[in-house]
Amino acid sequence: MKTLMNNRKSRKGAILGAAIFLMALVTIAGGALLSMSAITRLNISRSGADVRLLIAAEAGIESVRGRFTLIPGVQDNWDALIPTGNWNNLGGPMIINGLKVQAQAKPTGLAGATQARIRAIAYGASKSRVVEYIIQPANFADYALYFGSPNTVGIGDNFKMVGNFYSKGHVNLGNGSGIEFFGNVDTTGKVMNYVDYAYNFKKGFTEYAPDVTIPPAAYGLDVMRNAAAATSTLFYGNTLSIQLIGQQFKRTYKYRYTGTGYNYNHNHYTTLTETLDIPDNSVIYIDSSSPPAGVDTYSGSANRANQAQNGSVDLWGVLSYSRVTVAAEVDVQVTDNISYQSLLSQPDYRRFTQKKKSGALGYREMLGVVSANDVNFMTANWSALASSAKVTDDSGLTPPDTGHEYYQYSLDGVYMGVKKARRGNNAAGNNKELWVCGGIINGDHPSTELSSNFDRRNYDTDYRLQTTTPPYFLKAYGESANMIVGTWRTYEL
């Protein structure tokens, strides 16, 4: 009996202990839940405050971006807006949704290639939120081929177009074979006579697209001339040729002198050359007029007379590392290949499958060519690239890269003929292939006219043009600065 009573007491004690333990557990769990609820409420509150800061900072940065619009002769760069190399306040603080916001900008571009980091700081009670991205002026270097004439553009066989294409006139494929547009195709007219829509146009095409006109201010010859004068690379109409040689260039020029002898009285000429360094981020400019007194003076004993003017300048060669624009008031005759040394050394960077790889985006040399008249591609006179600089067939790539020709040629850089950019002479194809890396901007001419000279033409953009341009090259005035895609970020200050 005594044992039974003891067992009952033990059971009662165990039940009481379990009940007390359960109550304690519930109390602790309830406290934890209350604590979690408080933390959640605090996080929500903090998140809401952070969203307000983010919205205010975003509004602040957009409210000042319009100040970076270029205006010819008034604001050709952003030096007045951002005079120091550090962060510059853009006006005073703003109040946006009750929050203090300060917009700032910091220059990051190169000479003649304006660029800047722009940010807005929204100040909160316990922290500040920043929105930042990189901007650059709108430009016309987005087109691998641009035709400004309202006539019909003819497209020949084996035409490969990596990049954007624009034509003010109709586009006629002529039922040709091997025609592939890998980028956007815009025309103010119709696209006619294509064989296979999906094969010919990887991204389709847009007919009756808006008119895109390049105004004279965009190619800014006065700005380019001033830039050349500042680096002593301003030359005159007696200039015969410019040969690019790595980080230097050889200039050949003509001089006429007079005197008392037979030769002097018959406008005797002499030809001289000079080899000069290419100033970085510079312009080599050819003025169409005769040089002023004291410039290009012949060293002989004859009395100086006006130098003979030349109606065009020849251009060819290899550019290494340097960034330069060649601008001329006369015609530019491209008399041989123009190549980037990096692409000669690594021709695989030319492939469609490689053009966005780090190597193809990481080299530095960049060339712009502008003629106030015509750019003539004298392709019949060009020499084929060395075997080491050719792109060879590779069926192992995805997609396979095949169909390349034995003789290959290069035209690296962005070329603009205000009037025309076209074939200057004729030649048979005969297993020839052209590689363009950059673009051809044809002010008022309707056709590539290179199909008869090359069996295959690769009109490829240079994707680096999305983030930089050749010095002083083709700015779009009257438009707000563009945000460079992929540079937007936000952080706490």
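Going by the structure above, here's the rest.
The model shown is predicted, which means the values in this text are computed figures rather than measured ones.

Criteria and cut-off values
Residues numbered from 1 in each chain as written. Predicted model: local features only at pLDDT ≥ 70, side-chain atom pairs only at ≥ 80, totals over all residues. Heavy atoms only, no water. Helix = DSSP H or I, 4+ residues; strand = E, 2+ residues; numbered from the N terminus. Buried < 20%, exposed > 50% of the residue type's maximum accessible area, 1.4 Å probe, protein only. Contact = heavy atoms within 4.5 Å. Areas by Shrake-Rupley, 256 points an atom, 1.4 Å probe, with all protein chains shown as cover. Phe/Tyr/Trp six-rings, centres within 6.5 Å; stacked < 30°, edge-to-face > 60°. Lys NZ or Arg CZ within 6 Å of the ring centre and 35° of its normal. Salt bridge = Lys/Arg side-chain N within 4 Å of Asp/Glu carboxyl O. Pairing = 2+ DSSP bridges. Core = buried A, V, L, I, M, F, W, Y, C linked by side-chain atoms within 4.5 Å.

A.B. asks: I would appreciate a short explanation of the overall build of the protein chain in the present structure.
C.D. replies: Of the regular secondary structure elements, the protein chain holds seven helices and 30 strands. The burial tally for the protein chain puts 47% of its 493 residues in the buried class. Taking the contacts inside the protein chain whose residues are at least 6 apart along the sequence as the reference set, 63% of them involve residues at least 24 apart. Surface accessibility of the protein chain: about 22,600 Å² in total, with carbon and sulfur atoms responsible for 52%.

A.B. asks: Sorry if this is basic, but what is going on with the packing of aromatic side chains here?
C.D. replies: What characterises a pair of aromatic rings is the spacing of the ring centres plus the angle enclosed by the ring planes. With the rule as written, the count across this model stands at 22 aromatic pairs. Where F181 meets F201, the ring centres are 5.3 Å apart and the plane angle is 10 degrees; that geometry is what we call stacked. Of the two residues, F181 is situated in strand β11 (residues 180-181) and F201 in the loop between α2 (197-200) and α3 (216-219); the sequence distance between them amounts to 20 residues. For F181, a relative accessible area of 1% translates into the label buried. We classify F201 as buried; its relative accessible area is 2%. Among the aromatic residues, ring-to-ring pairing joins F147, F159, F165, F181, Y194, Y197, F201, F205 and Y459 into one connected group. Positioned above the aromatic ring of Y463, the side-chain terminus of K356 is 4.7 Å from the ring centre. Above the face of the Y406 ring, K390 is positioned so that its terminal group lies 3.8 Å from the ring centre.

A.B. asks: Looking at this structure, how should I read the pattern of salt bridges?
C.D. replies: When their charged atoms lie close together, side chains carrying opposite charge are able to pair. Scanning the entire structure with this criterion turns up 19 salt bridges. In this structure, E492 and R129 form a salt bridge, with 3.9 Å as the shortest nitrogen-oxygen distance. Taken together, the positions of E492 in strand β30 (residues 489-492) and R129 in strand β5 (residues 128-136) put the pair 363 residues apart, joining distant regions of the chain. Judged by relative accessible area, R129 falls into the buried class, the value being 10%. Note that R351 is salt-bridged to D401, the shortest N-O span being 2.7 Å. In this pair, R351 sits in the loop between α6 (341-345) and α7 (358-362) while D401 sits in the loop between β24 (374-377) and β25 (407-417), placing the two residues 50 residues apart along the sequence.

A.B. asks: In this structure, what is going on with the sheet that holds strand β10 (residues 171-172)? I would like to understand it.
C.D. replies: Strand pairing in a sheet takes place through backbone hydrogen bonds and is either antiparallel or parallel in direction. One open sheet holds the three strands; their spatial order is β7-β10-β13, and the pairing between them is parallel. Edge strands, defined here as strands with exactly one partner in the open sheet, are β7 (153-154) and β13 (191-192). As paired elements, β7 and β10 share two bridges and run parallel to each other. The residue of β10 that forms the bridge with G154 is N172.

A.B. asks: Where do I start with the environment of V51 in this structure?
C.D. replies: For V51, the location among the structural elements is in helix α1 (residues 2-65). Along the backbone, V51 and R129 are 78 residues apart, and their C-alpha atoms lie at a distance of 9.3 Å.

A.B. asks: Would you mind showing me how to read the side chain of S167 here?
C.D. replies: The topology assignment puts S167 in strand β9 (residues 164-167). Look at S167 and you get buried, because its relative accessible area is 0%. Look past the residues within four positions of S167 in its chain and what remains in contact with it is F147, V153, D186, T187 and T188.

A.B. asks: I would appreciate a short explanation of the pairing of strand β21 (residues 323-328) in the present structure.
C.D. replies: The side chains of a regular strand alternate, residue by residue, between the two faces of the sheet. Counting buried positions along β21 yields six of six residues, so the element is predominantly enclosed. Alternating residues of β21 divide into R323, T325 and A327 and V324, V326 and A328, and every residue in both groups is buried. Where strand β18 (residues 282-286) lies against β21, five bridges are found, and the strand directions are parallel. Residue pairing for β21: I284 is matched across the bridge by V326. The pairing of β21 with strand β23 (residues 366-371) spans six bridges and is classified as parallel. Bridge pairing in β23 places A327 opposite V370.

A.B. asks: Could you clarify how one ought to interpret the nonpolar core in this entry?
C.D. replies: Nonpolar side chains tend toward joint burial in soluble globular proteins. The biggest cluster of nonpolar side chains holds 78 residues, and the ones touching the most others in it are F165, F181 and L367. If we ignore the near neighbours within four places in the chain, the residues touching F165 are Y143, L145, F147, V153, I155, V171, F181, N184, V185 and D186. Within the second largest apolar cluster, 24 residues are counted, among which are I82, L99, Y133 and A481.

A.B. asks: Can you walk me through the pairing of strand β27 (residues 432-442) in this structure?
C.D. replies: Counted residue by residue, β27 has eleven buried out of eleven residues, so it is predominantly covered. The sheet contact formed by strand β6 (residues 143-147) and β27 spans three bridges and is parallel. What sits directly across from Y146, in β27, is I441. Strand direction decides the pairing type here: β27 and strand β28 (residues 456-460), joined by five bridges, are parallel. By the bridge assignment for β28, W435 is matched with N458.

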